[in-house]
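Each chain, written out:
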Amino acid sequence: MEPLPPSWTLILASLDFAFQPIVNIHNGEYLGFECLLRGHDAAGFSSIPSLFDRAHEERLLHLVDLALREKAVSRFRSYIGHRVKKLFYNLDIRVLDAPGYSRGATRELLKAQGLSPGSFCFEVSEQQRVLSDSQGRDVLSVYRDQGFSIAIDDYGIGFSGLQRLYECETDYLKIDGFFLSDIATSSRKRLFVAHMVGLAHVLGIKVIAE
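Residues numbered from 1 in each chain as written. Predicted model: local features only at pLDDT ≥ 70, side-chain atom pairs only at ≥ 80, totals over all residues. Heavy atoms only, no water.

> In this structure, what is going on with the overall build of the protein? I would like to understand it.
Within the protein, the regular secondary structure consists of seven helices and seven strands. Element order for the protein, N to C, with α for helix and β for strand: α-β-β-α-α-β-α-β-α-β-α-β-α-β. Taking 17 Å as the expected radius of gyration for a compact globule of 210 residues, we find that the protein reaches 17 Å, a close match to that expectation. Based on the C-alpha atoms only, the size of the protein along its principal axes is roughly 55 × 35 × 35 Å. Sorting the 210 residues of the protein into buried and exposed places 45% on the buried side. In the protein, the share of contacts with a sequence separation of at least 24, taken over all contacts with a separation of at least 6, comes to 66%. In the structure as shown, the protein presents an accessible area of about 11,000 Å², 53% of it carried by carbon and sulfur atoms. Taken together, the 23 basic and 26 acidic charged side chains of the protein have centroids lying 4 Å from each other. (Helix = DSSP H or I, 4+ residues; strand = E, 2+ residues; numbered from the N terminus. Rg over C-alpha atoms; globule rule 2.2 N^0.38 Å. Buried < 20%, exposed > 50% of the residue type's maximum accessible area, 1.4 Å probe, protein only. Contact = heavy atoms within 4.5 Å. Areas by Shrake-Rupley, 256 points an atom, 1.4 Å probe, with all protein chains shown as cover. Lys, Arg positive; Asp, Glu negative; His and termini not counted. Charge placed at Lys NZ, Arg CZ, Asp CG, Glu CD.)

> How do you make sense of the environment of Lys86 when you look at a structure like this?
With respect to the element layout, Lys86 can be found in strand β3 (residues 86-90). Owing to a relative accessible area of 11%, Lys86 belongs among the buried residues under this scheme. Each C-alpha atom of the pair Lys86 and Gly118 lies 7.5 Å from the other, and the pair is 32 residues apart in sequence. Look past the residues within four positions of Lys86 in its chain and what remains in contact with it is Leu31, Gly32, Phe33, Phe76, Gly118, Ser119, Phe120, Cys121, Ser149 and Tyr172. A polar side-chain atom of Lys86 sits 2.6 Å from the main-chain carbonyl oxygen of Gly118. (Polar contact = N/O pair within 3.5 Å; in protein donor to acceptor, adjacent residues only side chain to side chain.)

> Looking at this model, I keep getting lost on the pairing of β3. Mind explaining?
Consecutive side chains of a regular strand alternate in pointing toward one face of the sheet and then the other. Of all five residues in β3, four are buried, a share of seventy percent or more. The pairing of strand β2 (residues 30-38) with β3 spans three bridges and is parallel. If you follow Glu34 over to β3, its bridge partner there is Phe88. Where β3 meets strand β4 (residues 120-125), four bridges bridge the pair, whose relative direction is parallel. (Pairing = 2+ DSSP bridges.)

> Would you explain the sheet that holds β3 in this entry?
By way of backbone hydrogen bonds, the strands of a sheet pair with one another, either parallel or antiparallel. Taken together, the seven strands give an open sheet; going across it, the order is β1-β2-β3-β4-β5-β6-β7, and neighbouring strands pair in mixed fashion. The open sheet terminates on both sides in strands that have one partner only, identified here as β1 (16-23) and β7 (206-209). Taken over all neighbouring pairs, the strand axes of this sheet differ in orientation by 25 degrees on average, direction set aside. The pairing of β4 with strand β5 (residues 149-155) spans five bridges and is parallel. Bridging from a neighbouring strand, Val124 pairs with Ile152 of β5. Packing against the sheet, helix α3 (residues 61-76) makes contact with β1, β2, β3 and β4, and its axis sits at approximately 60 degrees to β1. (Axes fitted to C-alpha atoms, helices over the stretch in contact; angles between N-to-C directions.)

> Even after reading the chapter, I still don't get helix α7 (residues 187-202), so can you show me in this structure?
Residues separated by three or four positions in an α-helix point in the same direction, a consequence of the helix having 3.6 residues per turn. Taking 1.5 Å as the rise per residue, α7 with 16 residues should run 22 Å; its terminal C-alpha atoms sit 23 Å apart, in good agreement. For α7, the complete set of buried residues consists of Lys189, Val193, Met196 and Ala200. Projected down its long axis, α7 carries its buried residues within an arc of 60 degrees, all on one side. Turned more than 90 degrees away from the buried face of α7, the exposed residues are Ser187, Arg188, His195, His201 and Val202. Directly after α7, the chain includes Gly204, whose backbone phi takes a positive value near 80 degrees. (Expected span 1.5 Å × (residues − 1). Arc of directions from axis to C-beta.)

> How do you make sense of the side chain of Lys86 when you look at a structure like this?
The side chain of Lys86 is buried and forms no salt bridge, while Asp171, the nearest opposite charge, is found at 7.3 Å. A distance of 3.2 Å separates a polar atom in the side chain of Lys86 from a polar atom in the side chain of Ser149. (Salt bridge = Lys/Arg side-chain N within 4 Å of Asp/Glu carboxyl O.)

> Is there a simple way to explain unusual backbone geometry in this structure?
Both trends apply: most residues other than glycine have a negative phi, and most peptide bonds are in trans. One non-glycine residue, Arg59, adopts positive backbone phi at about 60 degrees. A relative accessible area of 58% places Arg59 in the exposed class.

> Where do I start with the environment of Pro5 in this structure?
Topologically, Pro5 is positioned in the segment before α1 (6-14). For the pair Pro5 and Asp145, spaced 140 residues apart in the sequence, the C-alpha separation amounts to 33 Å.

Below is the structure:
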């Protein structure tokens, strides 16, 4: 992997991850953890998206993302029982078209850390329009063939809706928090969520409530 410019080395040193547990509501056990990027403000960015936008503009998105994946996986390994849990990692789909992108980097990273592809799940936000592009779908298919899991994040508020669900073979569907807040008092939200969950289960997709 090419070295990052010194400015980005300092930025990455300021970043860290928080791990949010994903819990099975039927037995209370952890399925795994979603790693959430933290420290963007200390690194000089107003938001997490602005950090990735800058990396993309400077044509360094692939290198920055790989460095973050390495940090996330290293932290994940410190958890007891990590070998039977899954790490959910948010993928900026623009990485797939970034300079220097090559297939197999994540698999090699996991191998070096003593983990298998089955312990890693790429989360792709439904808010990223480019996922509907055939190249993006093809690469996600390659990830699945390599043993990685795929999750559609922010489902219900993005661009493609049912078309996204139809086109992207996914293992997990993460329903956006908009539909879950106040669901106990909103019959309309209960109706929408019931249909989302029902369709996902018919397709063999596991559902996660954000």
